[in-house]
Amino acid sequence: MKSIYLMVCLLLVGVSGQLQALSILACEPEWKALALELVGEDSSVYSATTAFQDPHHIQARPSLLSRARRADLLICTGAELEAGWLPLLMRKSANKRIQVGAKGHFLAAQHVELQDVSGAFDRQNGDVHGGGDPHFFLDPNYIVVIAKALMERLILLDPVNEGEYIARHNEFSIRLSSAIKRWEVEGASLKGASFVVHHNNWQYLTRWLGIKTLATLEPKPGLPSTSRHLSKVLQSIKGEAVWGVLLGSYQDDKAASWLRDKAGLRVVKLPYTVGGNAKANDLFALFDQTIALLKGYSGAKNAR
């Protein structure tokens, strides 16, 4: 439920509490969830992907194209995360409102400072993002910054409802800032914990919580594991206090299960994004679940 603070703000600005003027298309579930916080649950917000799809690789299916044609605002990660499908979707939609440079084209990555900027764009090295790691939403402090930028974009597109956007943003910002403090207290025991990861997409989360990554199950980002590489990983973690193997909701657990069987490790399947498990139904529940699952497997070396 929304807080009394939000209801008071909405009464003060004299708005209806329901925004249905804008049709919003989000590339990923986390941006749909953020948009809903700012425009209200009764608004038209659709996600192009689910938590069980790899956001690097999806098809611009006809139903998605139809959504793109009607969209007033496109919210995506950027930083090349959707490079394999978003340009085609925008081109085929012929929707001037969401093209690059238009007011309805919002890339979250343009509003934050990315980590791991290498400048390398050679796809022979896998899903390498030379402009920076695009999985920044896994540190909720980045969401604080993006929420403000998105509020400003909504006001630019829909100035009539400026008051409600400001009120919703202020209420969300207060709740999120409070939750971040709580998550950092709850996650303090994870500092220094060591994990093996399936894909190198947890760096913002691990930096935020002080978690260490010992090895990656993919030989190159986005490429399937090989027996040779997994054997190298197994050798590299011998003698290490490994707390588990991390993978996301959309990632195959075959390689993680192999390492579990060989090394006696737990497999920790995190929701990764909103909708990644039955309980992670909004941004707050996503981080609640992430912290709880990580803590639940803490100290589980050699447990089966």
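I will try to describe carefully the structure that is included in this document. (Residues numbered from 1 in each chain as written. Predicted model: local features only at pLDDT ≥ 70, side-chain atom pairs only at ≥ 80, totals over all residues. Heavy atoms only, no water.)

**Some words on the state of the cysteines**
For step 1, the next point in the chain: Under the defined criterion, the tally for this structure stands at one disulfide.
For step 2, the next point in the chain: Through a disulfide, C27 is tied to C76; the S-S separation comes to 1.9 Å. Taking the torsion about the sulfur-sulfur bond, which here is approximately 45°, the covalent link between C27 and C76 counts as right-handed. A residue pair is termed long-range when its members are at least 10 positions apart, and C27 in the loop between strand 1 (23-26) and helix 2 (29-39) and C76 in strand 3 (residues 73-76) qualify at 49 residues. (Disulfide = S-S within 2.5 Å. Helix = DSSP H or I, 4+ residues; strand = E, 2+ residues; numbered from the N terminus.)

**Some remarks on the packing of helix 6 (residues 162-186) against helix 10 (residues 283-296)**
For step 1, the next point in the chain: Remark: helix 6 packs on helix 10, axes separated minimally by 11 Å, with the N-to-C direction vectors making an angle of 0°. Of the possible angle classes, the one that applies to helix 6 and helix 10 is roughly parallel. Note on element contacts: helix 10 touches helix 6 through L283, F284, F287, D288, I291 and K295, opposite F172, R175, L176, A179, R182, W183 and E186.
For step 2, the next point in the chain: Within the contact of helix 6 with helix 10, the residues separate by chemical class into eight nonpolar, no polar and five charged. (Axes fitted to C-alpha atoms, helices over the stretch in contact; angles between N-to-C directions. Parallel < 35°, antiparallel > 145°, perpendicular 65-115°, else oblique. Contact = heavy atoms within 4.5 Å. Nonpolar A, V, L, I, M, F, W, Y, C, P; charged D, E, K, R; others polar.)

**Here's the deal with the pairing of strand 5 (residues 194-197)**
For step 1, the next point in the chain: Neither face of strand 5 is exposed, since S194 and V196 on one face and F195 and V197 on the opposite face are all buried.
For step 2, the next point in the chain: In terms of strand pairing, strand 5 meets strand 6 (residues 212-216) through four bridges, oriented parallel. Each residue of the ladder has a partner; that of V196, found in strand 6, is A215.
For step 3, the next point in the chain: Note: strand 5 against strand 7 (residues 242-248), four bridges, orientation parallel. Within strand 7, the position partnered with S194 by the bridge is V242. (Buried < 20%, exposed > 50% of the residue type's maximum accessible area, 1.4 Å probe, protein only. Pairing = 2+ DSSP bridges.)

**Re the packing of aromatic side chains**
For step 1, the next point in the chain: Tallied over the full model, the rule gives 13 aromatic pairs.
For step 2, the next point in the chain: Look at W183 and F287: their rings are 5.0 Å apart centre to centre, the planes differ by 40°, and that puts the pair in the tilted class. In this pair, W183 sits in helix 6 while F287 sits in helix 10, placing the two residues 104 residues apart along the sequence. Of the two residues examined, W183 and F287, each falls in the buried class.
For step 3, the next point in the chain: An aromatic cluster is defined as three or more aromatic residues linked by ring pairs; in this entry it consists of W31, F136, F137, Y142, W202, Y204, Y250 and Y272.
For step 4, the next point in the chain: Residue placement shows R67 over the ring face of Y46; its charged tip is 4.0 Å from the ring centre. (Phe/Tyr/Trp six-rings, centres within 6.5 Å; stacked < 30°, edge-to-face > 60°. Lys NZ or Arg CZ within 6 Å of the ring centre and 35° of its normal.)

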